[in-house]
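Commentary on secondary and tertiary structure
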Amino acid sequence: MEEPRKLKGHKGSTTCCIASLNRPGLIATAAEDGCVCWFDLRCKDRIFTMDVGNGNPVSSICFMPGNEDVFYVSLGSEVKCFDVNMVTAPKLLHSYNYNKDEINQIACSSKSSFLAAADDSGDVKIIDIRQNRMYKTLRDGHTSICSSVQFIPWRPWEVITGGLDSKLVLWDFSKGRQRKIWDFGTLDTGNKGNTGQCLNPAFVHALTVPDVAVVDKFVKICAVARGDGVVSVMNVESELDTVKSKSSTKPKKGSKPAPKVGSSSADPESGNQNGGDLHLDHSMGGHSAAVSCVTFSTFGDKGKFIISGGNDKQVKVWDWCKFFMAGETSSGNDFLHSSLSLSRKVNWLCTTPTDSENLVVCDTSKVVKVYNIR
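The shown structure was predicted, so the numbers you read here are calculated from the model rather than taken from an experiment. (Residues numbered from 1 in each chain as written. Predicted model: local features only at pLDDT ≥ 70, side-chain atom pairs only at ≥ 80, totals over all residues. Heavy atoms only, no water.)

1. Remarks on the nonpolar core
Applied cut-off: The set of buried Ala, Val, Leu, Ile, Met, Phe, Trp, Tyr and Cys residues whose side-chain atoms join them within 4.5 Å is what this entry labels a nonpolar core. Each residue is placed in one exposure class: buried if its accessible area under a 1.4 Å probe, protein chains only, is under 20% of its type's maximum, exposed if it is over 50%, and partly exposed if it falls in between. Only runs of H or I of at least four residues qualify as helices and only runs of E of at least two qualify as strands under DSSP, and these elements are numbered from the N terminus. Should any heavy atoms of two residues lie within 4.5 Å, those residues are considered in contact.
Within the largest apolar cluster, 21 residues are counted, with the highest numbers of intra-cluster contacts made by V233, L280, I306 and W320. Counting only elements with at least two residues in this core, the list comes to β19 (222–226), β20 (231–234), β21 (278–280), β22 (291–296) and α2 (321–324). In this structure, W320 is in contact with F218, V219, I221, V233, L278, F296, G303, K304, F305 and I306, ignoring residues within four places of it in sequence. Counting residues in each nonpolar core, the second largest holds 18 residues, with I152, V204, L207 and V224 among its members.

Written as structure tokens, this is what we have:
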């Protein structure tokens, strides 16, 4: 493996990173030092550093879709919004203090109307960022820390959340109601007994959904980074359609109940490539420890790969499309496109829409690494 490019500027362990889609090569990284560093990969040194936390760790960062001059950052129980126009100095626009506990992740809706903040209490705050007011609190979906949240780009009034109760919850945030719950603690994903598989609880550490620009090209899915070392690719729309059909069909007297939706993984060798879920585990060349982060590729054929990083100091590049493409049969090992062995545990990663220097990794060190994925 070739040596990665190293980006220096932080004084604490790096926690998260994002890459611009409109300005290829521009990335922002955050760390426990309370700073956000901006880099242009076309240049040698960082552009500038923002001290947004006064020494408090930054837990999450995100752009406003459609206007990347606006940038959000979470630290403690607060969300801050900045104008980071590269011509002028960064300017604090707004500060939101609606969460009562430590925020783990923030996300902005594709239409730039709402921002979601998931926190340690298990709640998710939905903030109306056009009116700059609290919109809704999503509660009682998680019995433990809510670690992650994403808006569903093809469902404008829905978000999906993951927690350390091993649950994935789909919400209608306009009503504050749960639409669907997946419990990985009870879900039989076919991984029990796999040699080398991590035996930790199946906590949801991170999740990701395809970008709105590419969602129509692929199956509408959600990728989940789990504490037991598995990356689950959940066919969200297929399962919702099944729930609808079950609710509209009255069971006949004496008939056997249908199996629970998502109660088992689809078999890659069964030929059923259009439905079901895919669970990428150690037997397929996957992680041997908890998966800490997961993202879709933005380079090349956007969305083609799912990229995961873990506590096993590994980065895995998965060609998940093979499972869902009609007519293509693949064995379990065919899904792993490539693997990177690192020197430290992975905290976060993101990709850039460029042919080279397209994988940015934040690990437990102060230095951000940039790799080439082909």
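2. Points about the side chain of T14
Checked against the element boundaries, T14 lands in strand β2 (residues 14–19). T14 has contacts with A30, A31, N347, C362, D363, S365, K366 and V368, leaving out every residue within four places of it along the chain.

3. Section: the pattern of salt bridges
Applicable threshold: Salt-bridge detection follows one rule: a side-chain nitrogen of Lys or Arg within 4 Å of a carboxyl oxygen of Asp or Glu.
What the rule picks out here adds up to 12 salt bridges. For the salt bridge of D228 with R226, the shortest nitrogen-to-oxygen distance reads 2.6 Å. Residue D228 shares its accessibility class with R226, and that shared class is buried. Linking D319 and K304 is a salt bridge whose minimum nitrogen-to-oxygen distance equals 3.3 Å. In this pair, D319 is assigned in the loop between β24 (314–318) and α2 and K304 in the loop between β22 and β23 (306–310), connecting sequence segments 15 residues apart. Its relative accessible area of 8% is what places D319 among the buried residues. Where salt bridges share partners, they join R155, E158, R179 and E237 into one cluster.

4. Examining the sheet that holds strand β9 (residues 91–96)
Under the convention used in this document: Strand pairing is assigned whenever DSSP detects at least two bridges linking the two strands. Between N-to-C directions, angles cover 0 to 180 degrees, with each direction set by a line fitted to C-alpha atoms, over the stretch in contact for helices.
The strand order β6-β7-β8-β9 describes an open sheet built from 4 strands, whose pairing is antiparallel. The sheet is open, and its two edges are formed by β6 (60–64) and β9, each paired on a single side. Direction aside, the axes of adjacent strands within the sheet are offset by 25 degrees on average. In the sheet, strand β7 (residues 67–75) pairs with strand β8 (residues 78–83) via 6 bridges, with the strands oriented antiparallel. Across the sheet, L75 pairs through a bridge with E78, a residue of β8.

5. Quick look at the state of the cysteines
Cysteine pairs can be covalently joined through their sulfur atoms, and such a bond is termed a disulfide. Put simply, the rule is: Defined by distance alone, a disulfide is two cysteine sulfur atoms within 2.5 Å.
Enumeration over the complete set of coordinates arrives at 0 disulfides. Left unpaired, C37 is separated from the closest cysteine sulfur, that of C35, by 6.3 Å.

6. Considering the side chain of E237
One can find E237 in helix α1 (residues 236–248). According to the relative accessible area criterion, E237 is buried, its value standing at 16%. Ignoring any residue separated from it by four or fewer positions in sequence, one finds E237 in contact with W154, R155 and K220.

7. Concerning the packing of aromatic side chains
Put simply, the rule reads: Any two of the Phe, Tyr and Trp rings considered here, Trp counted by its six-membered ring, make a pair once their centres fall within 6.5 Å; the pair's planes then place it as stacked at under 30 degrees, edge-to-face at over 60, or tilted in between. Any Lys NZ or Arg CZ found within 6 Å of a ring centre and within 35 degrees of that ring's normal is scored as a charge over the ring.
All told, the structure shown has 17 aromatic pairs when counted by the stated rule. Directly above the ring of Y135 sits K136, whose terminal nitrogen or CZ lies 5.6 Å from the centroid.

8. Observations regarding the environment of D119
For clarity, the threshold we go by: Polar contact criterion, stated in full: a pair of N or O atoms within 3.5 Å, where within protein one must be able to donate a hydrogen and the other to accept it, and residues adjacent in sequence count only if both atoms are side-chain atoms.
Inspection of the secondary structure assignment puts D119 in strand β11 (residues 114–119). Considering only alpha carbons, one finds D119 and S147, 28 residues apart in sequence, at a separation of 6.8 Å. Ignoring sequence-local partners within four residues, the contact set of D119 consists of N99, K100, D101, E102, I103, N104, I145 and C146. Within polar-contact distance, the side chain of D119 engages the side chain of S121 at 2.5 Å.

9. Topic: the sheet that holds β20
If you walk across this open sheet you meet the 4 strands as β18-β19-β20-β21, and the pairing is antiparallel. Two strands close off the open sheet at either side, each with one partner strand: β18 (204–208) and β21. For this sheet, the mean angle separating the axes of adjacent strands, direction not counted, is 20 degrees. Direction of pairing for β18 relative to β19: antiparallel, over a ladder of 4 bridges. Within the sheet, the bridge partner assigned to L207 lies in β19 and is V224.

10. Examining unusual backbone geometry
Its identity as a non-glycine residue notwithstanding, N54 has a phi of 50 degrees, on the positive side. A relative accessible area of 65% places N54 in the exposed class. In this structure, E357 takes a positive phi of about 45 degrees despite not being glycine. With respect to the helices, strands and loops of the structure, E357 is situated in the loop between β26 (346–351) and β27 (359–363). When its relative accessible area of 23% is taken as the criterion, E357 is described as partly exposed.

11. Remarks on the pairing of β8
The element β8 is extensively covered by neighbouring structure, given that 5 of its 6 residues are classed as buried. When β8 meets β9, the two strands line up antiparallel, connected through 5 bridges. Residue pairing in the sheet places F82 in a bridge with L92 of β9.

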